[in-house]
Amino acid sequence: MAATLAYRKLDWTGIVLAAVLTLVIVLPLVVVGTWAFTNVWRYPSVIPQEFGLRFWNQTLARADVWSSISMSLTLSFTVTALSAAICLPAAYAFARLDFPGRNLLFFSFLAGHAFPKFGLLVAIAGIFLQLNLIGTFWGVVLIQLVGTLLFMIWIPVAAFQAVDRRMEEAARDVGASPFRVFWSITLPQAGPTIAAAILLSFVGTFYETEGAWLIGAPQVRTLPVLMISFINNQPVIQYGAVLSVLLWVPSFIALLFARKVVNSGSFARGFGG
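Residues numbered from 1 in each chain as written. Predicted model: local features only at pLDDT ≥ 70, side-chain atom pairs only at ≥ 80, totals over all residues. Heavy atoms only, no water.

### Structural notes on the overall build of the chain
Within the chain one finds 13 helices and two strands. Here the chain, with 273 residues, has 37% of them falling under the buried criterion. If you take every contact in the chain between residues at least 6 apart in sequence, the share linking residues at least 24 apart comes to 72%. (Helix = DSSP H or I, 4+ residues; strand = E, 2+ residues; numbered from the N terminus. Buried < 20%, exposed > 50% of the residue type's maximum accessible area, 1.4 Å probe, protein only. Contact = heavy atoms within 4.5 Å.)

### A short note on the nonpolar core
Counting 20 residues, the largest nonpolar core has F106, M152, I153, V157, F160, A190 and I194 as the members making the most contacts within it. Contributions of two or more residues to this core are made by α3 (63-96), α7 (149-161) and α9 (178-207). With eight residues, α7 is the largest single contributor of residues to this core. The residues touching I194, leaving out its near neighbours within four places in the chain, are L88, P156, A159 and F160. Counting 15 residues, the second-largest nonpolar core is a separate cluster that includes L75, V79, V140 and A212. (Core = buried A, V, L, I, M, F, W, Y, C linked by side-chain atoms within 4.5 Å.)

### What about the pattern of salt bridges?
Side-chain pairs of opposite charge can arise whenever the charged atoms involved come near each other. If you walk through the whole model with that rule in mind, you get three salt bridges. Between E168 and R96 there is a salt bridge, and its shortest N-O distance comes to 3.1 Å. Of this pair, E168 sits in helix α8 (residues 165-173) while R96 is found in helix α3, placing the two residues 72 residues apart along the sequence. Pair check on accessibility: E168 and R96 agree, each one buried. Across the pair D164 and R166 runs a salt bridge, and its minimum N-O distance is 3.2 Å. Residue D164 is classed as partly exposed on the basis of its relative accessible area, which comes to 23%. A relative accessible area of 63% means that R166 is categorised as exposed. (Salt bridge = Lys/Arg side-chain N within 4 Å of Asp/Glu carboxyl O.)

### Considerations on α7
Because an α-helix completes one turn every 3.6 residues, residues spaced three or four positions apart along the sequence face the same direction. In this model α7 runs 18 Å from its N-terminal to its C-terminal C-alpha over 13 residues, within 8% of the 18 Å that 1.5 Å per residue would give. Among the 13 residues in α7, 10 count as buried, and that is most of the element. By the burial criterion, the buried members of α7 are L150, M152, I153, W154, I155, P156, V157, A158, A159 and F160. (Expected span 1.5 Å × (residues − 1).)

### Details of unusual backbone geometry
Backbone torsion omega between A217 and P218 reads 0 degrees, so that peptide bond is classified as cis. In this structure, N132 takes a positive phi of about 60 degrees despite not being glycine. The topology assignment puts N132 in the loop between α5 (117-130) and α6 (137-147).

### Brief notes about the side chain of T186
Of note, T186 is situated in helix α9. Classification of T186 as buried rests on a relative accessible area of 1%. With residues near it in sequence (within four places) discarded, T186 still touches Y92, R96, F160, V163, E168 and V181.

Structure (C-alpha coordinates):
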(Lines give C-alpha, C1' and ligand atoms only; values in the text may rest on other atoms or scores of the structure.)
Protein backbone atom coordinates (compact mmCIF):
# COMPACT_ATOMS: atom_id res chain seq x y z
CA MET A 1 0.00 0.00 0.00
CA ALA A 2 2.80 2.39 0.91
CA ALA A 3 4.57 1.58 -2.34
CA THR A 4 1.39 2.35 -4.31
CA LEU A 5 0.99 5.71 -2.56
CA ALA A 6 4.63 6.56 -3.22
CA TYR A 7 4.20 5.64 -6.89
CA ARG A 8 1.08 7.83 -7.19
CA LYS A 9 2.91 10.72 -5.52
CA LEU A 10 5.82 10.31 -7.93
CA ASP A 11 3.37 10.10 -10.83
CA TRP A 12 1.70 13.38 -9.84
CA THR A 13 5.10 15.01 -9.36
CA GLY A 14 6.04 14.03 -12.91
CA ILE A 15 2.76 15.38 -14.26
CA VAL A 16 3.25 18.71 -12.47
CA LEU A 17 6.84 19.02 -13.70
CA ALA A 18 5.78 18.17 -17.25
CA ALA A 19 2.98 20.75 -17.08
CA VAL A 20 5.36 23.45 -15.80
CA LEU A 21 7.94 22.61 -18.46
CA THR A 22 5.28 22.70 -21.16
CA LEU A 23 4.06 26.07 -19.91
CA VAL A 24 7.58 27.51 -19.91
CA ILE A 25 8.19 26.31 -23.47
CA VAL A 26 4.78 26.84 -25.05
CA LEU A 27 3.71 30.13 -23.43
CA PRO A 28 6.43 32.28 -25.08
CA LEU A 29 5.63 30.66 -28.44
CA VAL A 30 1.93 31.44 -27.99
CA VAL A 31 2.70 35.06 -27.07
CA VAL A 32 5.00 35.55 -30.07
CA GLY A 33 2.51 33.84 -32.40
CA THR A 34 -0.27 36.06 -31.07
CA TRP A 35 1.79 39.23 -31.60
CA ALA A 36 2.44 38.19 -35.22
CA PHE A 37 -1.29 38.22 -35.99
CA THR A 38 -2.16 41.27 -33.91
CA ASN A 39 -2.89 44.75 -35.22
CA VAL A 40 -3.62 46.37 -31.85
CA TRP A 41 -2.71 45.04 -28.39
CA ARG A 42 -2.47 47.66 -25.66
CA TYR A 43 -1.84 47.32 -21.95
CA PRO A 44 -3.63 46.32 -19.73
CA SER A 45 -5.75 44.18 -22.07
CA VAL A 46 -5.08 40.44 -21.70
CA ILE A 47 -6.06 39.69 -25.29
CA PRO A 48 -5.45 41.81 -28.40
CA GLN A 49 -8.02 44.44 -29.28
CA GLU A 50 -7.65 43.73 -32.99
CA PHE A 51 -6.34 40.75 -34.93
CA GLY A 52 -5.20 41.01 -38.53
CA LEU A 53 -2.44 40.58 -41.12
CA ARG A 54 -1.43 44.23 -41.45
CA PHE A 55 2.08 43.68 -40.14
CA TRP A 56 2.54 40.57 -42.28
CA ASN A 57 1.90 42.73 -45.32
CA GLN A 58 4.24 45.46 -44.09
CA THR A 59 7.01 43.02 -43.13
CA LEU A 60 6.87 41.02 -46.36
CA ALA A 61 6.84 44.25 -48.39
CA ARG A 62 10.31 45.16 -47.09
CA ALA A 63 13.21 44.55 -49.47
CA ASP A 64 15.61 43.75 -46.61
CA VAL A 65 13.38 40.89 -45.46
CA TRP A 66 13.45 39.17 -48.85
CA SER A 67 17.17 39.85 -49.17
CA SER A 68 17.82 38.22 -45.80
CA ILE A 69 15.62 35.22 -46.68
CA SER A 70 17.54 34.78 -49.94
CA MET A 71 20.85 35.08 -48.10
CA SER A 72 19.82 32.54 -45.43
CA LEU A 73 18.66 30.01 -48.03
CA THR A 74 21.79 30.47 -50.14
CA LEU A 75 24.04 30.02 -47.11
CA SER A 76 22.09 26.98 -45.90
CA PHE A 77 22.22 25.21 -49.27
CA THR A 78 25.92 26.04 -49.76
CA VAL A 79 27.01 25.01 -46.26
CA THR A 80 24.92 21.81 -46.31
CA ALA A 81 26.24 20.77 -49.73
CA LEU A 82 29.87 21.38 -48.72
CA SER A 83 29.34 19.63 -45.41
CA ALA A 84 27.85 16.58 -47.14
CA ALA A 85 30.71 16.45 -49.64
CA ILE A 86 33.34 16.67 -46.89
CA CYS A 87 31.75 14.84 -43.97
CA LEU A 88 29.93 11.87 -45.52
CA PRO A 89 33.11 10.25 -46.93
CA ALA A 90 34.77 10.90 -43.56
CA ALA A 91 31.80 9.33 -41.74
CA TYR A 92 32.02 6.25 -43.96
CA ALA A 93 35.73 5.95 -43.16
CA PHE A 94 35.09 6.27 -39.42
CA ALA A 95 32.36 3.63 -39.60
CA ARG A 96 34.21 1.06 -41.74
CA LEU A 97 37.97 1.61 -41.39
CA ASP A 98 40.39 1.19 -38.52
CA PHE A 99 43.34 3.58 -38.66
CA PRO A 100 45.72 5.17 -36.13
CA GLY A 101 44.13 7.98 -34.13
CA ARG A 102 40.62 7.07 -35.31
CA ASN A 103 38.90 7.50 -31.93
CA LEU A 104 40.79 10.68 -31.05
CA LEU A 105 39.98 12.25 -34.40
CA PHE A 106 36.37 11.06 -34.21
CA PHE A 107 35.79 12.66 -30.83
CA SER A 108 37.64 15.82 -31.85
CA PHE A 109 34.63 16.75 -33.98
CA LEU A 110 32.75 17.19 -30.73
CA ALA A 111 35.37 19.59 -29.35
CA GLY A 112 33.81 22.64 -30.99
CA HIS A 113 30.62 22.01 -29.00
CA ALA A 114 32.42 21.43 -25.69
CA PHE A 115 33.48 25.07 -25.19
CA PRO A 116 31.52 28.35 -25.00
CA LYS A 117 30.62 29.01 -28.61
CA PHE A 118 30.90 32.79 -28.64
CA GLY A 119 34.42 32.75 -27.19
CA LEU A 120 35.47 30.28 -29.87
CA LEU A 121 33.90 32.48 -32.55
CA VAL A 122 35.79 35.54 -31.30
CA ALA A 123 39.07 33.63 -31.58
CA ILE A 124 38.18 32.48 -35.09
CA ALA A 125 37.12 36.01 -36.03
CA GLY A 126 40.64 37.20 -35.20
CA ILE A 127 42.05 34.69 -37.69
CA PHE A 128 39.42 35.57 -40.31
CA LEU A 129 40.29 39.25 -39.91
CA GLN A 130 43.86 38.52 -40.98
CA LEU A 131 42.54 36.52 -43.96
CA ASN A 132 40.11 39.30 -45.03
CA LEU A 133 37.13 37.00 -44.53
CA ILE A 134 35.19 39.29 -42.16
CA GLY A 135 32.03 40.61 -43.79
CA THR A 136 32.20 38.10 -46.65
CA PHE A 137 29.86 35.34 -47.80
CA TRP A 138 32.58 32.66 -47.71
CA GLY A 139 33.68 33.72 -44.25
CA VAL A 140 30.17 32.98 -42.97
CA VAL A 141 30.13 29.71 -44.94
CA LEU A 142 33.33 28.55 -43.23
CA ILE A 143 32.17 29.46 -39.72
CA GLN A 144 28.80 27.80 -40.23
CA LEU A 145 30.43 24.72 -41.73
CA VAL A 146 32.04 24.04 -38.34
CA GLY A 147 28.59 23.90 -36.75
CA THR A 148 27.42 21.09 -39.04
CA LEU A 149 30.14 18.62 -38.04
CA LEU A 150 28.19 17.17 -35.12
CA PHE A 151 25.22 16.19 -37.27
CA MET A 152 27.11 15.30 -40.43
CA ILE A 153 29.75 13.11 -38.78
CA TRP A 154 28.13 11.41 -35.80
CA ILE A 155 24.71 10.54 -37.25
CA PRO A 156 25.99 9.19 -40.63
CA VAL A 157 28.57 7.08 -38.76
CA ALA A 158 25.71 5.43 -36.89
CA ALA A 159 23.86 4.95 -40.18
CA PHE A 160 26.80 3.23 -41.88
CA GLN A 161 27.46 1.06 -38.83
CA ALA A 162 23.84 -0.11 -38.82
CA VAL A 163 23.98 -1.44 -42.41
CA ASP A 164 23.63 -5.23 -42.66
CA ARG A 165 27.13 -6.40 -43.63
CA ARG A 166 25.82 -9.81 -44.65
CA MET A 167 23.84 -8.28 -47.50
CA GLU A 168 26.94 -6.43 -48.69
CA GLU A 169 29.03 -9.60 -48.55
CA ALA A 170 26.36 -11.56 -50.42
CA ALA A 171 26.31 -8.94 -53.17
CA ARG A 172 30.09 -9.04 -53.49
CA ASP A 173 30.01 -12.85 -53.62
CA VAL A 174 27.81 -12.76 -56.73
CA GLY A 175 30.18 -10.36 -58.47
CA ALA A 176 28.82 -6.90 -57.66
CA SER A 177 31.37 -4.10 -57.84
CA PRO A 178 32.12 -1.99 -54.72
CA PHE A 179 30.22 0.94 -56.23
CA ARG A 180 27.22 -1.28 -57.03
CA VAL A 181 27.23 -2.66 -53.49
CA PHE A 182 27.33 0.84 -52.03
CA TRP A 183 24.62 2.18 -54.36
CA SER A 184 22.23 -0.78 -54.12
CA ILE A 185 22.82 -2.12 -50.60
CA THR A 186 24.56 0.38 -48.34
CA LEU A 187 22.95 3.64 -49.40
CA PRO A 188 19.29 2.47 -49.29
CA GLN A 189 19.75 1.29 -45.70
CA ALA A 190 21.74 4.30 -44.49
CA GLY A 191 19.94 6.85 -46.68
CA PRO A 192 16.99 7.82 -44.42
CA THR A 193 19.27 8.51 -41.44
CA ILE A 194 21.73 10.45 -43.61
CA ALA A 195 18.83 12.45 -45.08
CA ALA A 196 17.73 13.37 -41.55
CA ALA A 197 21.28 14.48 -40.72
CA ILE A 198 21.40 16.64 -43.85
CA LEU A 199 18.02 18.16 -43.02
CA LEU A 200 19.04 18.92 -39.44
CA SER A 201 22.26 20.50 -40.71
CA PHE A 202 20.32 22.64 -43.17
CA VAL A 203 17.93 23.86 -40.49
CA GLY A 204 20.75 24.41 -37.99
CA THR A 205 22.58 26.54 -40.57
CA PHE A 206 19.40 28.45 -41.38
CA TYR A 207 19.00 29.36 -37.69
CA GLU A 208 22.67 30.02 -36.94
CA THR A 209 23.04 33.54 -35.59
CA GLU A 210 26.28 34.16 -33.68
CA GLY A 211 28.67 33.29 -36.52
CA ALA A 212 26.58 35.05 -39.15
CA TRP A 213 26.48 38.20 -37.01
CA LEU A 214 30.10 38.19 -35.82
CA ILE A 215 31.72 37.18 -39.13
CA GLY A 216 29.20 38.48 -41.67
CA ALA A 217 28.04 41.84 -40.32
CA PRO A 218 27.28 44.26 -41.76
CA GLN A 219 27.48 43.04 -45.37
CA VAL A 220 25.99 39.57 -44.82
CA ARG A 221 22.62 39.72 -43.09
CA THR A 222 20.64 36.52 -42.56
CA LEU A 223 17.02 36.24 -41.48
CA PRO A 224 17.80 35.52 -37.79
CA VAL A 225 20.21 38.47 -37.69
CA LEU A 226 17.57 40.72 -39.24
CA MET A 227 14.99 39.47 -36.73
CA ILE A 228 17.26 40.43 -33.83
CA SER A 229 17.79 43.83 -35.42
CA PHE A 230 14.01 44.30 -35.69
CA ILE A 231 13.48 43.31 -32.06
CA ASN A 232 16.21 45.65 -30.80
CA ASN A 233 15.61 48.67 -33.03
CA GLN A 234 12.01 48.64 -34.23
CA PRO A 235 9.40 50.35 -32.05
CA VAL A 236 6.76 47.93 -33.39
CA ILE A 237 7.15 44.44 -31.91
CA GLN A 238 5.07 42.80 -34.64
CA TYR A 239 7.90 42.96 -37.20
CA GLY A 240 10.10 40.73 -35.08
CA ALA A 241 7.16 38.45 -34.24
CA VAL A 242 6.36 37.91 -37.92
CA LEU A 243 9.96 36.96 -38.67
CA SER A 244 9.95 34.63 -35.66
CA VAL A 245 6.93 32.77 -37.03
CA LEU A 246 8.63 32.54 -40.43
CA LEU A 247 11.64 30.99 -38.72
CA TRP A 248 9.46 28.32 -37.11
CA VAL A 249 8.57 26.80 -40.48
CA PRO A 250 11.94 25.12 -41.27
CA SER A 251 12.23 23.61 -37.78
CA PHE A 252 8.67 22.27 -37.94
CA ILE A 253 9.36 20.59 -41.28
CA ALA A 254 12.66 19.20 -39.99
CA LEU A 255 11.01 17.71 -36.92
CA LEU A 256 8.37 16.00 -39.04
CA PHE A 257 11.00 14.26 -41.16
CA ALA A 258 13.68 13.66 -38.52
CA ARG A 259 11.62 12.55 -35.50
CA LYS A 260 11.63 8.86 -36.50
CA VAL A 261 15.40 8.86 -36.82
CA VAL A 262 15.92 10.64 -33.51
CA ASN A 263 13.39 8.38 -31.75
CA SER A 264 15.00 5.27 -33.22
CA GLY A 265 18.24 6.03 -31.36
CA SER A 266 20.45 6.65 -34.39
CA PHE A 267 21.82 9.81 -32.84
CA ALA A 268 22.61 7.97 -29.61
CA ARG A 269 24.28 5.15 -31.55
CA GLY A 270 26.44 7.77 -33.20
CA PHE A 271 27.78 8.82 -29.81
CA GLY A 272 28.40 5.18 -29.03
CA GLY A 273 30.31 4.69 -32.27
